[in-house]
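The chain contents come next:
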Amino acid sequence: MEIIMIVLAAILFATGVYNILQKQLLRIVIGTVLISHGAHLFILTMGKLKRGAPPVEVYGVTEYADPLPQALILTSIVISFGVTSFLLVLAYRAYKLNQTDNMEKMRGSEHE
Amino acid sequence: MNNLAILPIILPILASVIVAFFPGKLNIVRPLSKIFMVVFLGVMLFITFKVYSDGMIVLQGGGWDAPFGISLVLDYLSIILVLTTYVIATAAVFYAPHSLSDQQEKFYFYTFFFLLISGVSGAFITGDLFNLFVFFEVLLMASYGLIVLGNGKAQLRESLKYVLINLFSSMLFVTTVAFIYSLVGTVNMAHIAERVDSIPAEDQGIVTVIGILLFFVFAVKAAIFPLYYWLPNSYVVPNPVVSALFGALLTKVGIYSIFRVFTLIFVHDTGVTHQLFIWLAMLTMIFGVIGALSTNNVKLIITYNIIPAIGFILMGIGLFNEDGLSGSIYYLMHDMVIKAALFLLIGALIVAAGTKDLSQMSGVIQRFPLLGWLFFIGSLVLAGIPPFSGFIGKLLLLRGALDQGEILLTVVALLSSLLILLSMIRIFIRGFWGEKMEGMTTNPSKVHALTIPATFLISISIYLGVGAETVLPYIDQISSYLLERTEYISSVLKG
């Protein structure tokens, strides 16, 4: 199970990086989203996957899932959600002002 | 008294919430922010005094003992950096009203400003690796808010790149934390250090790999060669006060994180990691200085000068002996203050001359002698001319380098100091000397108002140099404490 998840995370990372390297702005944003998904899956996997076990240690429960990765992912998801929405707005404003969504044309020049 | 450790984080958050209630009423927000900052600075001075007299303060969040809860650790290193942060922020808050347009101030400048201070202090104080990531995000979010203030064409374009590179490195940070968690089963830094110690020597390879990965993350934030390419353009576009905060605080958080993890956790394979730092430090110095010499934009010259300074600090970490670490800490402190001061002065110079282009500037000193001489002192401080503070830091660093027999490093460091001096004096000679230029500002009182906060920072910087006698014992105490490691680990995990 862990192997499948790791491969999935790797695929997400690879597609994310591929998208980040594109010229179109929206693809870059999508690439960052994919990478953050990959990172989150990765944290979950690193805490060892267990099915049907509660994430708390209560009296009488011997098999329990590790709660820490879940807490970490929750924090990380919220953060990447916020940053992504900010990034979308920023990308839209930059597109409006610069009249282009092509990163090649957004290099800028010496004399500004 | 343990609760003192939360104050550097919680006070600015409260202030940011309070000033957010009246965004449009600048006559309330401005004095309120100034009062807050001065009071906070007083509180930080008190806490610093407390830490140095009674020993380090450790707060276990929510009463959950380490390693289960989140620990906030005010040790000798973090408190001194928090204090420096607050000193710079105080100068910045007095500078801001004169530098920003009313419109920019109304768009929640002070709210983002206080959040940035909170994030930076949090990153210095936290004793938990994942929490460090969270505070990185807090300060980055605030910095995203600050960098787009003004809404210019170039500004939005460069902020986009800034956000993207930081987002990418943050995701890498999360991934690295996951690696560490899978290896040692904890994210508390003291606990990680303890568990890494007990990994047998033949399995230390994976620890080094994770260390390098973490270094990569922090190197992006700190702008170390070859990962500095994003820095110059994105730091040059915002308002001078924002650039001052970024240049003085954000890259320094990155280098502080390297400091923390590579003196506490990844210390077992110094032959690989710390040797790598020495090479990267050399390249960082060389490339940063070349950048600084390559341009005529005065603000870009200062921005490029951030990069060799990071090289100097990294050099001390790479040397990893007592002199090297003392030099690094001293240089870190000195550089935070002087970079902020120089950015503030450059902001004043641009207002005074009405242009950023050095080739169109001349004779500014005739109208603004104080600004000119302050800038001259600032240049000498940055280049490390005795008796100023840059010299003390560099002297310690070079002594550390010679102790280790790193001759090449010593030569490169000395040479790049000389080139830093050249790049700064170029501004002084061509911008301040010469014929009085046409088109100087018609509003000299604004320039004077902008010079005063910088004067405050420059005088602190001079004190750090001339009064090194009084500061140095504390710095030496920090470096021996960092090399020792056990005090940090035992104070966090004693519960």
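Residues numbered from 1 in each chain as written. Chains lettered and ligands numbered in written order. Predicted model: local features only at pLDDT ≥ 70, side-chain atom pairs only at ≥ 80, totals over all residues. Heavy atoms only, no water.

To continue, consider unusual backbone geometry. Phi is mostly negative for residues that are not glycine, and the peptide bonds are mostly trans. All names here are of chain B. Look at the link from phenylalanine 225 to proline 226: it is a cis peptide, with omega at 0°. Secondary-structure assignment places proline 226 in the loop between α9 (204-222) and α10 (231-236). Between proline 386 and proline 387 the backbone carries a cis peptide bond, its omega angle lying at 10°. With respect to the helices, strands and loops of the structure, proline 387 is situated in the loop between α16 (369-383) and α17 (389-403). Despite not being glycine, phenylalanine 320 shows a phi value in the positive range, around 55°. Structurally, phenylalanine 320 can be placed in the loop between α13 (298-319) and α14 (322-353). (Helix = DSSP H or I, 4+ residues; strand = E, 2+ residues; numbered from the N terminus.)

With that settled, the discussion passes to the UniProt feature "transmembrane region" (unreviewed entry) in chain A. All names here are of chain A. When the UniProt feature table is mapped to this numbering, "transmembrane region" (unreviewed entry) covers residues 6-21, 28-47 and 71-95. Across residues 6-21, the secondary structure splits into 94% helix and 0% strand, with the terminal C-alpha atoms separated by 23 Å. What you have in residues 28-47 is 95% helix and 0% strand, and the ends, taken at the C-alpha atoms, are 29 Å apart. (UniProt positions renumbered as here; feature names shortened; annotations may be inferred.)

All names here are of chain B. Topologically, glutamine 155 is positioned in helix α7 (residues 153-184). Within polar-contact distance, the side chain of glutamine 155 engages the backbone oxygen of leucine 149 at 2.6 Å. Here the side chain of glutamine 155 touches glycine 152 through a polar contact of 3.4 Å, landing on its backbone nitrogen. In this view, glutamine 155 contacts Ile147, Val148, Leu149, Gly150, Val237 and Pro238; residues no more than four positions away in its chain are not counted. (Polar contact = N/O pair within 3.5 Å; in protein donor to acceptor, adjacent residues only side chain to side chain. Contact = heavy atoms within 4.5 Å.)

Residue-level contacts link 31 residues of chain B with 38 residues of chain A. Looking at the side of chain B facing chain A, the largest losses of area belong to Arg157(B), Leu160(B) and Tyr181(B), adding up to 21% of the total buried there. There are zero salt bridges connecting chain B and chain A. Where chain B touches chain A, the interface holds one residue pair in polar contact (both at pLDDT 80 or more). Residue classes in the side of chain B that touches chain A are distributed as 20 nonpolar, six polar and five charged. (Buried area = accessible area lost by both parts, 1.4 Å probe. Salt bridge = Lys/Arg side-chain N within 4 Å of Asp/Glu carboxyl O. Nonpolar A, V, L, I, M, F, W, Y, C, P; charged D, E, K, R; others polar.)

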